[in-house]
Amino acid sequence: MSLFGSFFGRSSKTSAPVARDRLQILLAHERTGNGNESDLLNKLQAEILEVIKRHIAVDQDKVQVKLDRGNSVSMLEIDIEVPEQMRPSGRP
Amino acid sequence: MAKVLVVTSGKGGVGKTTSTAALGAALAQTGQNVVVVDFDVGLRNLDLVMGAERRVVFDLINVIQGDAKLSQALIRDKRIETLSILPASQTRDKDALTAEGVASVMAQLREKFDWVVCDSPAGIERGAQLAMYHADHAIVVTNPEVSSVRDSDRIIGMLDSTTEKAKGGGKIEKHLLLTRYDPARAARGEMLRIEDVLEILSIPLLGIIPESEEVLRASNLGAPVTLSSPDSPPARAYAEAARRLEGEKLEVTVPVERKGLLARLFKGKS
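Residues numbered from 1 in each chain as written. Chains lettered and ligands numbered in written order. Predicted model: local features only at pLDDT ≥ 70, side-chain atom pairs only at ≥ 80, totals over all residues. Heavy atoms only, no water.

1. Points about the overall build of chain A
Here's step 1: Per the secondary structure count, chain A includes 3 helices and 2 strands.
Here's step 2: Mapped from its N terminus to its C terminus, chain A presents α and β elements in the order α-α-α-β-β.
Here's step 3: In chain A, which comprises 92 residues, the proportion classed as buried is 18%.
Here's step 4: The long-range fraction of contacts in chain A, counting pairs at least 24 apart against all pairs at least 6 apart in sequence, stands at 30%.
Here's step 5: As displayed, chain A has an accessible area near 7400 Å², and 52% of this comes from carbon and sulfur atoms. (Helix = DSSP H or I, 4+ residues; strand = E, 2+ residues; numbered from the N terminus. Buried < 20%, exposed > 50% of the residue type's maximum accessible area, 1.4 Å probe, protein only. Contact = heavy atoms within 4.5 Å. Areas by Shrake-Rupley, 256 points an atom, 1.4 Å probe, with all protein chains shown as cover.)

Here it is, written out as structure tokens:
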């Protein structure tokens, strides 16, 4: 019907696929943020930060913990950003 | 053995009460004993949609608080003798619903009926949680629209975590009922497609109820649409959904556009 649609001055782009894509992104995010799971992620983030802080000075927001739920495999993603000048020297 | 069914959605206005009435009547028409229970304390409407609003004497809260016996509060439908309604209270608030009280009423209803169909209030608060707590089956009523799908997703999460079944390590059986579906708009790409909603929510499809003026006509008359116009598309879709609930394997009918091309053109122009 896009042919008729454009005749009558309507956008040829349909809105339903946009709705679907927005929902998929939003729900992927919300499903990991429910109840116990977000508690677990917060705890993990705090404890990982604690261990790292013993050796390197990093900010709270430089440690990101994310859980991606899949049907067969779920992935726990831990992202730590290390400041340039604070890198351990590595030399004995 | 009795089955407890909750009709829920999270979002308001998607058709929970309409669906409770229509499915309850359709199940009762097959000769089974059915009670529809209104859990929307303070905003009761199931009695109105069922045309029993002038026959309410006692309600769910009266039974819970021991002011009336269950048999005094149950209203027998005048059209189908195997159908009863247990109304909610219009004057009390949700705090009058206690977990123990609801448990006791549900246990009594399980003994009397084959199907206990609970009409949940909107939202995710106490009232909605109590309505779903004792359920064996859940019907998640969803419109093909973003906010309804999001809320349904939230409700599905709650069904899997906060119900009696879930807490006991079991699983509640969930069914998706897609309501207010407009095939013409879906064909034009203006409405979420059935496949998209199914993929996003990933629970089995119980039925697709087409958007129809018959639904409003039924509530105007105070009759479940399955009784007021049994041959209309929404009534047929509800009747088929009821048969699926009873375990019949039945292909889901996808509503098709009934308007001609000309009508569609003029509709698109306005």
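Structure's up, so let's keep going.
2. Overview of the overall build of chain B
Here's step 1: The secondary structure content of chain B amounts to 14 helices and 8 strands.
Here's step 2: Taken over the C-alpha atoms alone, chain B extends approximately 60 × 40 × 35 Å along its principal axes.
Here's step 3: Within chain B, buried positions represent 54% of all 270 residues.
Here's step 4: By sequence separation, contacts in chain B at least 24 residues apart represent 75% of the contacts at least 6 residues apart.
Here's step 5: Approximately 12000 Å² of chain B is accessible, and the part contributed by carbon and sulfur atoms is 48%.
Here's step 6: Once the 35 positive and 36 negative side-chain charges of chain B are each reduced to a mean point, those two points are 3 Å apart. (Lys, Arg positive; Asp, Glu negative; His and termini not counted. Charge placed at Lys NZ, Arg CZ, Asp CG, Glu CD.)

3. Thoughts on the sheet that holds strand E3 (residues 75–76) of chain B
Residue and element names in this part refer to chain B.
Here's step 1: The 8 strands are arranged E3-E4-E2-E5-E1-E6-E7-E8 in an open sheet whose pairing can be described as mixed. Of all strands in the sheet, those bounded by a partner on one side alone are E3 and strand E8 (205–210).
Here's step 2: Contacts between helix H10 (residues 194–201) and the sheet are confined to strand E6 (137–142), strand E7 (173–181) and E8, with E7 contributing the most and set at about 150° to the helix. (Pairing = 2+ DSSP bridges. Axes fitted to C-alpha atoms, helices over the stretch in contact; angles between N-to-C directions.)

4. Some details on the confidence of the model for chain B
Here's step 1: Taken residue by residue, chain B gives an average pLDDT of 93. The fraction at 70 or more is 95%.
Here's step 2: Across the predicted assembly, pTM comes out at 0.80 and ipTM at 0.80. (pLDDT = per-residue confidence, 0-100.)

5. Let's talk about the pattern of salt bridges
Here's step 1: The full count for this structure, using the stated rule, is 18 salt bridges over all chains.
Here's step 2: Among the ionic pairs, Asp136 of chain B bridges to Arg110 of chain B, the shortest N-O distance being 3.3 Å. Remark: Arg110 of chain B occurs in helix H5 (residues 99–112) and Asp136 of chain B occurs in the loop between helix H6 (126–133) and E6; sequence separation between them is 26 residues.
Here's step 3: Across the pair Arg236 of chain B and Asp231 of chain B runs a salt bridge, and its minimum N-O distance is 3.8 Å.
Here's step 4: By relative accessible area, Arg236 of chain B is classed as partly exposed at 48%.
Here's step 5: Members of the salt-bridge network, linked through shared partners, are Arg20 and Asp21 of chain A together with Arg193, Glu195 and Asp196 of chain B. (Salt bridge = Lys/Arg side-chain N within 4 Å of Asp/Glu carboxyl O.)

6. Points about the nonpolar core
Here's step 1: One finds Phe39, Leu86, Leu97, Leu109 and Val116 of chain B to be the most contacted residues of the largest nonpolar core, which totals 51 residues.
Here's step 2: With residues up to four places along the chain from it excluded, the contact list for Leu97 of chain B reads Phe39, Val41, Leu60, Ile61, Ile64, Val102, Arg126, Gly127 and Leu130 of chain B. (Core = buried A, V, L, I, M, F, W, Y, C linked by side-chain atoms within 4.5 Å.)

7. Structural notes on H5 of chain B
All names here are of chain B.
Here's step 1: Between its first and last C-alpha atoms H5 spans 20 Å; for 14 residues at 1.5 Å apiece the expected length is 20 Å, and the two agree.
Here's step 2: Restricting attention to buried positions, one finds in H5 the residues Gly101, Val102, Val105, Met106 and Leu109. Buried residues of H5 fall within an arc of 125° about the axis and therefore sit on the same side. The exposed set on the far side of H5, more than 90 degrees from its buried face, consists of Glu100 and Glu111. (Expected span 1.5 Å × (residues − 1). Arc of directions from axis to C-beta.)

8. A closer look at the confidence of the model for chain A
Here's step 1: In the predicted model, chain A carries a mean pLDDT of 73, and the fraction of residues at 70 or more is 67%.
Here's step 2: Here helix H1 (residues 2–7) of chain A is the element of chain A with the lowest mean pLDDT, 47, and helix H2 (residues 16–32) of chain A is the one with the highest, 86.

9. Overview of the packing of helix H1 (residues 16–29) of chain B against helix H13 (residues 233–245) of chain B
All names here are of chain B.
Here's step 1: Close contact between H1 and H13 brings their axes to 9 Å; oriented N to C, the two are set at 65°. Judged by the twist between their axes, the crossing of H1 over H13 is right-handed. Here Thr18, Ser19, Ala22, Leu23, Ala26 and Leu27 of H1 come into contact with H13, specifically with Tyr238, Ala239, Ala241, Ala242 and Leu245. (Left-handed = near helix turned anticlockwise from the far one by under 90°.)

10. Some thoughts on the packing of helix H7 (residues 146–159) of chain B against H10 of chain B
All names here are of chain B.
Here's step 1: Where H7 meets H10, the axes come as close as 10 Å, and the angle between the chain directions of the two elements is 30°. As summarised for this structure, H7 and H10 are arranged roughly parallel, according to the angle between their axes. In this structure, H7 crosses over H10, and the sense of that crossing is right-handed. Judged by residue contacts, Val149, Ser152, Asp153 and Ile156 of H7 engage Val197, Ile200 and Leu201 from H10.
Here's step 2: When grouped by side-chain class, the residues that make up the contact of H7 with H10 number 5 nonpolar, 1 polar and 1 charged. (Parallel < 35°, antiparallel > 145°, perpendicular 65-115°, else oblique. Nonpolar A, V, L, I, M, F, W, Y, C, P; charged D, E, K, R; others polar.)

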